[in-house]
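Observations on the three-dimensional arrangement
Residue strings, one per chain:
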Amino acid sequence: MKIIDDIFQLKGKNHDLCVAIGAFDGIHEGHKDVIEGAIKRAKKIGGKSVVFTFDKHPKNFMSHKTTPKLINTKEEKIHLLEKLGVDYVIFQKFDKHFSSLTPLEFLKLLKTIRTREIFVGFNFRFGAGGAATVDDMIEMGKTCGIEVNKTNPVTSGKKVISSTLIRELITCGELDRVKNLLGYNLFIIGNVVHGKKYGHQLGFPTANLKLIDKIYPPFGIYGAKVQIEGYDKVYDGVVNIGRNPTLKDGELSVETHILDFSDYIYGKKVIVELIKHLRDEKKFNSIDELKTAIANDVLIWKGYLQNK
Ligand SMILES: Cc1cc2nc3c(=O)[nH]c(=O)nc-3n(C[C@H](O)[C@H](O)[C@H](O)COP(=O)(O)O)c2cc1C
Ligand SMILES: Nc1ncnc2c1ncn2[C@@H]1O[C@H](COP(=O)(O)OP(=O)(O)O)[C@@H](O)[C@H]1O
């Protein structure tokens, strides 16, 4: 998959393109329908699939909207799109010039990079200020020779799957529902950074992640799966998301004790998949109490994994 930060970099390529457009925060089951539509079609016509998304959430540029904290960082989005099998992803700079294009100018721009078909969700809006609807786009597409495919809403129960709904569910810690709507376990990608070295003293070293601003589930202890850069095996782990009030009471941190593992992995990229909430984070009265609690978390998670 090639990553591009400006649409113009695709000019002059020798392929027809099928382009899925959207903010795609979460790449949830609804987004997947749109993106897979572009991938399938591109294969059929012998062209390439493109995901056209933005370097910042478009709501950043609409003064009347508040910017939500996002489900995925850019790196996490790339990880998900790579797994889907997309050929190109454009993280378009949503700058003044780009955001002031009229709907027709935008479509003409897509035409210059040999866009044959566009794939968008049912509620997509485009052009300066979100001026045009998908139905407008379908009509305008006819004048530019671009077929516009509108994907129907994907539902779960009676609710339409949306990034907004998933953000709310993450904030409430509803991990099972989040998994259901995303189609994968909520995960965090980060590089392992140095902490305060209390972990080894406690007998439970923890890989601390360099955190990027996004939505995190509520403070607490979680059972997890851990992938480590350079290792084939997927490990089990117990994760503390919180402020570590017993020893540090500092900033938000995500720290994972990896089970049956003892290597130094500073600087490595890890993917921590959150599977199950085990308990809330607590301020303990002594280090011994904290140690006992962590040992118990490990036992509970191992027991859960054995009985699955
Ligand atoms: C499974 C697990 C559960 C934890 N639970 C708590 C907790 O409830 N309260 C708390 O203050 N710290 C908790 N900790 C965090 C430890 O205090 C933290 O790992 C320790 O401060 C190590 O920090 P360091 O990596 O900077 O050395 C927990 C850590 C793990 C791995
Ligand atoms: N089982 C393990 N789980 C997590 N990290 C481990 C483990 N074994 C060794 N390590 C290494 O030890 C480091 C964590 O030790 P710790 O004493 O908590 O230091 P720090 O405060 O820098 O996080 C990790 O970053 C990793 O390099």
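Here the residue numbers are simple positions, counted from 1 along each chain's written sequence. In the order they appear in the text, chains get letters beginning with A and ligands get numbers beginning with 1. It should be noted that, the model being predicted, local features are given only for residues of pLDDT at least 70 and side-chain atom pairs only at 80 or more, the latter also being counted only at that level, while totals for whole chains, interfaces and linings use all residues. By convention in this description, side-chain values take in all heavy atoms of the structure and omit both hydrogens and water.

1. Describing the sheet that holds strand β5 (residues 115–121)
Paired strands, in this sense, are two strands between which DSSP finds at least two bridges. Comment: elements are numbered from the N terminus, with helices defined as DSSP H or I runs of at least four residues and strands as E runs of at least two. Sheet architecture is open: 6 strands sit in the order β1-β4-β3-β2-β5-β6, paired in parallel fashion. With partners counted over all chains shown, the strands left at the sheet margins are β1 (2–4) and β6 (147–151), one partner each. Sheet twist, expressed as the mean angle between neighbouring strand axes with direction ignored, is 20°. Bridge analysis of strand β3 (residues 48–54) against strand β4 (residues 88–92) gives 5 bridges, and the strand direction is parallel. Residue F52 lies in a different strand from β4, and its bridge partner there is I90. Here the axes come from fitting lines to C-alpha atoms, over the contacting stretch only for helices, and the angles between their N-to-C directions go from 0 to 180 degrees.

2. Here's the deal with the environment of L278
Relative to the helices and strands, L278 is located in strand β14 (residues 269–279). Sequence separation between L278 and V239 is 39 residues, and the spatial gap between their C-alpha atoms is 9.5 Å. By definition, residues are in contact when any of their heavy atoms lie within 4.5 Å. Excluding anything up to four places from it in sequence, L278 contacts I221, Y222, G223, V238, D297, I300 and W301.

3. Notes on the site of ligand 1
Nearness of a residue to a molecule or strand requires only that one of the residue's heavy atoms be within 4 Å of it. Taken together, the neighbourhood of ligand 1 is formed by 24 residues, with K196, Y198, T246, K248 and K282 sitting nearest. N or O atoms closer than or at 3.5 Å make up a polar contact, with two conditions inside protein: a donor-capable atom paired with an acceptor-capable one, and, for residues adjacent in sequence, both atoms drawn from side chains. Note that an oxygen atom of ligand 1 is positioned 2.8 Å from one of the side-chain N or O atoms of T206. Here N208 contributes a side-chain N or O atom positioned 3.1 Å from an oxygen atom of ligand 1. The set of elements that each furnish at least two residues to the shell around ligand 1 consists of α8 (198–202), β12 (234–242), β13 (253–258) and α9 (287–307). Looking at which element gives the most residues to the shell around ligand 1, the answer is α9, with 3 residues. For the shell around ligand 1, the per-class residue count stands at 8 nonpolar, 8 polar and 8 charged. Each residue is assigned to one of three groups, with Ala, Val, Leu, Ile, Met, Phe, Trp, Tyr, Cys and Pro labelled nonpolar, Asp, Glu, Lys and Arg labelled charged, and all others, Gly among them, labelled polar.

4. Side note on unusual backbone geometry
For I27, which is not glycine, the phi dihedral falls at a positive 45°. With respect to the helices and strands, I27 occurs in the loop between β2 (17–21) and α1 (29–45). Positive phi is not limited to glycine here, since R114 has a value of about 65°. Structurally, R114 can be placed in the loop between α4 (103–112) and β5.

5. A word on the domain arrangement of the protein
These domain limits were set by an automatic method or by a database of domain assignments. Taken domain by domain, the protein holds domain 1 (2–160) and domain 2 (186–307). Centre-to-centre, using C-alpha coordinates, domain 1 lies 36 Å away from domain 2. Buried area: the accessible surface (1.4 Å probe) lost by two parts on joining, summed over both. Around 930 Å² of area is buried between domain 1 and domain 2 when both sides are counted, 62% of it from carbon and sulfur atoms. Looking only at domain 1, the three residues that lose the most surface to domain 2 are K69, E75 and E76, adding up to 51% of its buried area. When a carboxyl oxygen of Asp or Glu is within 4 Å of a side-chain nitrogen of Lys or Arg, the pair counts as a salt bridge. Summed over the shared surface of domain 1 and domain 2, the number is 3 salt bridges. For K69, the salt bridge identified is with D213, shortest N-O distance 2.6 Å. There are 6 residue pairs in polar contact (both at pLDDT 80 or more) connecting domain 1 and domain 2.

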